[in-house]
Amino acid sequence: MSTGLQVKNNLYQLRVMEHNFREALIIYLKGFLMGCADSVPGVSGGTIALITGIYDRLVSAITSLRPGNLAESLDHISDTEVESDILFLLLLGSGVFSAVLLTLNFVHFMISSYLVITYAFFLGLISASIITLKEDLVLKDIRGKTGAVAGFLTAFLLSGYGSVALNHGTLVFFLSGMIAVTAMVLPGISGSLILLIIGQYEHITGLVAEATSTVSRSLTSGEVAQILEPLRPLIIFGSGGIIGLLTAARVVEKALEKDRELTMTFLVSMVAGSLRAPALRIDQFLSSNSISLVEVLPETMLASLIGVTAIILIQRTGER
């Protein structure tokens, strides 16, 4: 090979590597945005996936991996497609994971220090989400109205029951992970909102903050044996999430294919019913600290307005 051809070949390989790196970085950043969205109640990671143009690819990549018989599934897909789907999910998942880690640590700090303001912000996010999703609320017949009532009551009743009756045991954690991670692939409802409805959100943020702190201290001191204990409940939660992605996500996909209008009506109504969860948490905090709502009304309204503005900006970004 001549020197000129070799130089051209090397330049071509460098361009391919640069393109692949840039594409991988973009997928990671899209996952990061999804993780940030799904870490706070009211913003759906699925919506972010739609806005960034990867929703169809995400659902396709997840559902191409058949649970329980993965080897047989891969026989029906070319090696190139398999590698592409797995790499895509790994890059996207890395972005989601790092964003969830950072965002939940910040949310834990905000809840610990400014609970009313934080939950008022959540109220704004959820309220604006309902408005932006109103086109998916179809009430033209009795089926649609029944679906809307069912969705609203499901979230409304669970919001009251979950905050007082559900514990933080192994089974609850596993099911919470299964349901919450499944919600990540849904446009309109976030995993964090599901956790808030069933009374697990605040506990999860605390566990993530504790695990992050413990891992950091252990790695610094060299006492790695302490790492496993705070990670155990999160591993259980994550295991449920993996099962949810490979099973429940398929059920959701079928529901959307069979009757998208009714499914989305149910989900949007759930978002409306979930407004009770942050409102209850604010009321509990004010009551336990003998504070009247009037005393905190200005900052509460401002935090809610910021939440509404955030959703409007996200929606406008998606319309461009």
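The structure presented is a predicted model; accordingly, all values stated were derived computationally and were not measured.

Draft legend 1. How the structure looks around the overall build of the chain. Looking only at helices and strands, one finds 14 helices and zero strands in the chain. For the chain, the α and β elements follow one another from N to C terminus as α-α-α-α-α-α-α-α-α-α-α-α-α-α. Within the chain, contacts between residues separated by at least 24 positions form 83% of all contacts whose residues are at least 6 apart in sequence. For the chain, the exposed surface amounts to about 17300 Å²; the carbon and sulfur share of it is 67%.

Draft legend 2. Unusual backbone geometry, seen in detail. You will see that Ser290, though not glycine, has its phi angle at about 55°, which is positive. With respect to the helices, strands and loops of the structure, Ser290 is situated in the loop between helix H13 (276-288) and helix H14 (293-319). You can call Ser290 exposed: its relative accessible area is 67%.

Draft legend 3. Structural view of the pattern of salt bridges. What the rule picks out here adds up to three salt bridges. Taking the shortest distance from any N to any O, the salt bridge between Glu202 and Arg281 comes out at 2.8 Å. Within this pair, whereas Glu202 is found in helix H10 (residues 201-221), its partner Arg281 is found in helix H13, the two being separated by 79 residues in sequence.

Draft legend 4. Representation of the nonpolar core. Within the largest apolar cluster, 58 residues are counted, with the highest numbers of intra-cluster contacts made by Met34, Tyr119 and Tyr201. Top element by residues in this core is helix H6 (residues 115-132). It accounts for nine residues. Here Tyr119 is in contact with Ile111, Leu196, Tyr201, Glu202, Pro278, Arg281 and Ile282, once residues within four sequence places are set aside.

Draft legend 5. A look at the environment of Phe106. With respect to the helices, strands and loops of the structure, Phe106 is situated in helix H5 (residues 79-113). Phe106 gets classed as exposed once you look at its relative accessible area, which sits at 52%. Taking the C-alpha atoms as reference points, Phe106 and Thr205, 99 residues apart in sequence, are found 8.8 Å from one another.

So, how was this worked out
Residues numbered from 1 in each chain as written. Predicted model: local features only at pLDDT ≥ 70, side-chain atom pairs only at ≥ 80, totals over all residues. Heavy atoms only, no water. Helix = DSSP H or I, 4+ residues; strand = E, 2+ residues; numbered from the N terminus. Contact = heavy atoms within 4.5 Å. Areas by Shrake-Rupley, 256 points an atom, 1.4 Å probe, with all protein chains shown as cover. Buried < 20%, exposed > 50% of the residue type's maximum accessible area, 1.4 Å probe, protein only. Salt bridge = Lys/Arg side-chain N within 4 Å of Asp/Glu carboxyl O. Core = buried A, V, L, I, M, F, W, Y, C linked by side-chain atoms within 4.5 Å.

That's the geometry; what it means functionally is another story.
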